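Coordinate inspection notes
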Amino acid sequence: MVELAQQASTDGLTGVANRRRFDEMLPKEWRRAMRVGDPLSVLLIDIDHFKAFNDRYGHPGGDECLRMIADTIATVIRRPHDLVARYGGEEFVAVLPVTTPEGAKQIAESLRAAIAALGVPHAAVPGGAVTASIGVATTIPSGDSLPASLVAAADGALYAAKRNGRNRIAVADPLDPASPPGEHAVMLLASPIRVAS
Ligand code: GH3
Ligand code: MG
Ligand code: MG
C-alpha cells in the first residue's frame with residue numbers, strides 16, 4: 001500500500017513528486033503558514049529553449065535531460081519540508097515553507113547556477129549549455145487570497161525572467177507591471193522579514 005501511494009504521487013519520468021502531489025500539498029502548507037503567520041515561497045523553474053533541445057537531440061535525449069535537471073533541483077532543494085514537483089512538461093515547481101523573500105531568492109540563484117554548471121550540451125543556443133529560468137514569489141498567506149495567486153505571481157516572475165534573457169531568476173514584486181491586476185491581493189514582500197523562532 002505504501003508503495004502504491006508512493007507511485008500515485010511520483011512523476012514516472014523524473015522521480016520527483018507529481019503535479020497531483022503538489023496540488024494537494026500547496027493548500028495544506030498555505031493553511032499552516034496562515035495559522036502561524038509564516039512566509040511561504042514558491043519557485044517555478046522552466047528549462048530554456050527546450051523545444052530546440054528536443055529538436056536537436058531527440059525526445060529520448062530530452063527525457064534524459066529532464067531527469068538530470070530534476071535530480072539537480074532535488075539536490076539543491078532538500079530541507080525536509082520543501083517539496084519539488086514536476087509542474088508539467090519541462091517545468092518544475094518548488095514549495096518552500098518558512099522561507100523569506102531573501103531566502104527564496106538565494107535558493108533560486110543557487111539552483112540556476114547549479115543547472116548551468118551541469119554543462120549539459122545544447123548546441124542550438126548561444127551559451128552552448130542547458131539553462132533554466134526561475135520565477136520566485138513569497139507571501140504570508142491570509143484568508144483574503146488563494147494559493148493559486150502565489151503560483152500566478154511566480155509565473156509572472158518567470159515570464160519576466162524569460163523576457164529579460166533567460167538563464168536568470170526574477171522575483172515577483174507588487175510593483176512589477178508583469179503582475180496581473182488582482183494579484184496584489186497577495187501580500188508580496190519586497191524585503192526580508194523576520195521570522196519568529
Ligand atoms: P522557453 O525558453 O521560452 O521556455 O522555450 P521552450 O522551447 O523551452 O518552451 P516551449 O514551451 O516552446 O517548449 C517546451 C518543450 O518541452 C516542448 C515539448 O515538446 C517539451 N517537452 C514537454 N514535456 C516533455 C517530456 O516529457 N519529454 C521531452 N523530451 N520533452 C518534453
Ligand atoms: Mg515551459
Ligand atoms: Mg521552456
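This write-up is about the structure you can find in this document. (Residues numbered from 1 in each chain as written. Chains lettered and ligands numbered in written order. Predicted model: local features only at pLDDT ≥ 70, side-chain atom pairs only at ≥ 80, totals over all residues. Heavy atoms only, no water.)

**Focus on the overall build of the protein**
The helix and strand tally for the protein stands at five helices and five strands. Buried positions account for 46% of the 197 residues belonging to the protein. Once local pairs closer than 6 in sequence are excluded, the contacts in the protein between residues at least 24 apart make up 71%. A total accessible area of about 9,800 Å² is found for the protein, and carbon and sulfur atoms account for 55% of it. (Helix = DSSP H or I, 4+ residues; strand = E, 2+ residues; numbered from the N terminus. Buried < 20%, exposed > 50% of the residue type's maximum accessible area, 1.4 Å probe, protein only. Contact = heavy atoms within 4.5 Å. Areas by Shrake-Rupley, 256 points an atom, 1.4 Å probe, with all protein chains shown as cover.)

**Digging into the site of ligand 1**
Around ligand 1, a shell composed of 16 residues is seen, among which H49, F50, D63, R86 and R166 lie nearest. One of the side-chain nitrogen or oxygen atoms of K162 is found 2.8 Å away from an oxygen atom of ligand 1. Burial of ligand 1 by the protein chains amounts to 67% of its free accessible area of 650 Å². Going through the elements one at a time, β1 (40-47) and α3 (50-76) are the ones with two or more residues in the shell around ligand 1. At seven residues, α3 tops the list of elements feeding residues into the shell around ligand 1. In the shell around ligand 1, the residues fall into three nonpolar, five polar and eight charged. (Near = heavy atom within 4 Å. Polar contact = N/O pair within 3.5 Å; in protein donor to acceptor, adjacent residues only side chain to side chain. Nonpolar A, V, L, I, M, F, W, Y, C, P; charged D, E, K, R; others polar.)

**Thoughts on the packing of helix α2 (residues 19-36) against helix α5 (residues 147-163)**
Direction vectors running N to C along α2 and α5 enclose 110°, while the axes themselves pass 9 Å from each other. Taken together, the axes of α2 and α5 lie roughly perpendicular to each other. Side by side, α2 and α5 meet where F22, L26, P27 and W30 of the first sit next to P147, S149, L150 and V151 of the second. A class-by-class count of the residues in the contact of α2 with α5 yields seven nonpolar, one polar and no charged. (Axes fitted to C-alpha atoms, helices over the stretch in contact; angles between N-to-C directions. Parallel < 35°, antiparallel > 145°, perpendicular 65-115°, else oblique.)

**Side note on the coordination of the magnesium ion (ligand 2)**
Every protein donor of the magnesium ion (ligand 2) is listed here as D46 (OD) and E90 (OE), and their distances to the metal cover 2.1 to 2.2 Å. In this model, the magnesium ion (ligand 2) sits 3.6 Å from the magnesium ion (ligand 3), the two metals being bridged by D46. Taken as a pair, D46 in strand β1 and E90 in the loop between β2 (83-88) and β3 (91-97) lie far apart in primary sequence, 44 residues in all. The pair formed by D46 and E90 is uniform in burial state, with each residue classed as buried. (Donors = N, O, S within 2.8 Å, 3.2 Å for Na, K, Ca; no water.)

**Let's talk about the nonpolar core**
Ranked by size, the top nonpolar core spans 26 residues in total, and within it L43, I45 and I73 carry the most contacts. For this core, the secondary structure elements donating two or more residues are β1, α3, β3, α4 (101-118) and β4 (132-139). With seven residues, the single largest contributor to this core is α3. In contact with I45, not counting residues within four places along its chain, are I73, E90, E91, F92, L111, I115, A132, S133 and I134. Judged by nonpolar contacts, the second largest core, of 24 residues, contains A17, A154, L158 and A172. (Core = buried A, V, L, I, M, F, W, Y, C linked by side-chain atoms within 4.5 Å.)

**What to know about α5**
The terminal C-alpha atoms of α5, which comprises 17 residues, lie 25 Å apart, in line with the 24 Å expected from a rise of 1.5 Å per residue. Burial within α5 is extensive, with twelve of its 17 residues counted as buried. P147, S149, L150, V151, A153, A154, G156, A157, L158, A160, A161 and K162 are the residues of α5 that are buried. Where α5 is buried, its residues meet α2, β1, β2, β3, β4 and β5 (169-171). (Expected span 1.5 Å × (residues − 1).)

**Looking at the sheet that holds β3**
Backbone hydrogen bonds are what pair the strands of a sheet, in a parallel or an antiparallel way. The strand order across the open sheet built from five strands is β2-β3-β1-β4-β5, with neighbouring strands paired in mixed fashion. For this open sheet the edge positions go to β2 and β5, each flanked by a neighbour on one side alone. On average, each strand axis in the sheet is tilted by 20° relative to the strand beside it, whichever way the strands run. Where β2 meets β3, five bridges bridge the pair, whose relative direction is antiparallel. What sits directly across from V84, in β3, is A94. Sitting on the sheet, α4 is in contact with β1, β3, β4 and β5, with an inclination near 170° to β4. Contacts from α5 reach β1, β2, β3, β4 and β5 within the one sheet, and its direction differs from that of β4 by about 145°. (Pairing = 2+ DSSP bridges.)

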